[in-house]
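Analysis of the macromolecular model
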Amino acid sequence: SSGINAEYGDDADEKSLTEDLRVAFAKITVPERVFQGHTVDEWYPLSGKLGVEAEGSINLIISYTTMPMMTVPYQRIHYPYVQAAPAQFYTPVVPPPVVIRDQDIDTIKDMFPDVDKEVIRTVLESKRGNVEGAVADLLQMTGDQAAPPTLPSQPTPPAP
């Protein structure tokens, strides 16, 4: 005998989106004649929630074949040494820090007196000092649907 004389089998419902549930099971004793080279084609009863051997049956075709033992002689595998290329490091380009001018904060504060200066500073930083962009963001933040305030114009130098 081969040392194998019984097989335990489970039948599952194979749900694709939920957990598979065991529907039935069987313990099948392998007939001795299988080990003598015969093929067996038989029906086996299944057990489950309905009771012992009350879940239907399954048809199994069982055969047994001996295979020659394959041995592989020990071989030392040589991995040639390959020198790795020197590591190259990527240095990210970091933009220079933005200087937020107090004059810009005061100008925007005049337009939005209810907004805290630190909020204005943070918005200006996020816009990298762009006053017009900060005003547009503050208009959205405050829900002001009115026309955007006009920025003070720079004085025109006197003509020579």
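From a predicted model like this one, the values you see are computed outputs, not experimental measurements.

1. Some words on the packing of helix 1 (residues 102-111) against helix 2 (residues 117-126)
- Two numbers describe how helix 1 lies on helix 2: the axes approach to 10 Å, and their chain directions differ by 115°. When you trace helix 1 past helix 2, the crossing you get is right-handed. Counting all contacts with helix 1, which are made through Asp102, Asp104, Ile105, Asp106, Ile108 and Lys109, the residues of helix 2 involved are Lys117, Ile120, Arg121 and Leu124.
- Considered class by class, the residues forming the contact of helix 1 with helix 2 number four nonpolar, no polar and six charged.

2. Description of unusual backbone geometry
- A positive phi is found at Glu53, a non-glycine position, where the angle reads about 55°.
- Given a relative accessible area of 54%, Glu53 falls into the exposed group.

3. A short note on the pattern of salt bridges
- Applying the stated criterion to the full structure yields five salt bridges.
- The shortest N-O distance in the salt bridge between Arg33 and Glu42 comes to 2.8 Å.
- Given the relative accessible area of 40%, Arg33 is considered partly exposed.
- For Glu42, a relative accessible area of 26% translates into the label partly exposed.
- Linking Lys117 and Asp106 is a salt bridge whose minimum nitrogen-to-oxygen distance equals 3.0 Å. Of this pair, Lys117 sits in helix 2 while Asp106 sits in helix 1; the two residues are 11 residues apart in sequence, bridging distant segments of the chain.
- Residue classification places Asp106 among the partly exposed residues on the basis of a relative accessible area of 35%.

4. Focus: the packing of helix 2 against helix 3 (residues 131-142)
- At a closest axis distance of 9 Å, the pairing of helix 2 and helix 3 adopts a crossing angle of 125°. Viewed along their axes, helix 2 and helix 3 adopt a mutual orientation that is oblique. The way helix 2 lies across helix 3 gives a crossing that is right-handed. Together, Val119, Ile120, Val123 and Leu124 of helix 2 and Val131, Ala134, Asp137, Leu138 and Met141 of helix 3 make up the contact between the two elements.
- Looking at side-chain class alone, the contact of helix 2 with helix 3 contains eight nonpolar, no polar and one charged residues.

5. Looking at helix 1
- For helix 1, the full list of buried residues reads Asp104, Ile105, Ile108 and Met111. Down the axis of helix 1, the smallest arc covering the buried residues is 115°, so these residues share one side. Counted as exposed and oriented over 90 degrees from the buried face of helix 1: Asp102, Gln103 and Asp110.
- In this structure, the buried side of helix 1 is in contact with helix 2 and helix 3.

6. Structural notes on the side chain of Ser47
- You can see Ser47 is positioned in strand 4 (residues 47-48).
- At 2.8 Å, the side chain of Ser47 forms a polar contact with the backbone nitrogen of Glu53.
- The residues contacting Ser47, other than those within four sequence positions of it, are Val23, Ala24, Phe25, Val52, Glu53, Ala54 and Glu55.

Conventions and cut-offs
Residues numbered from 1 in each chain as written. Predicted model: local features only at pLDDT ≥ 70, side-chain atom pairs only at ≥ 80, totals over all residues. Heavy atoms only, no water. Axes fitted to C-alpha atoms, helices over the stretch in contact; angles between N-to-C directions. Helix = DSSP H or I, 4+ residues; strand = E, 2+ residues; numbered from the N terminus. Left-handed = near helix turned anticlockwise from the far one by under 90°. Contact = heavy atoms within 4.5 Å. Nonpolar A, V, L, I, M, F, W, Y, C, P; charged D, E, K, R; others polar. Buried < 20%, exposed > 50% of the residue type's maximum accessible area, 1.4 Å probe, protein only. Salt bridge = Lys/Arg side-chain N within 4 Å of Asp/Glu carboxyl O. Parallel < 35°, antiparallel > 145°, perpendicular 65-115°, else oblique. Arc of directions from axis to C-beta. Polar contact = N/O pair within 3.5 Å; in protein donor to acceptor, adjacent residues only side chain to side chain.

So far we have only geometry, and geometry alone does not tell us how the molecule works.
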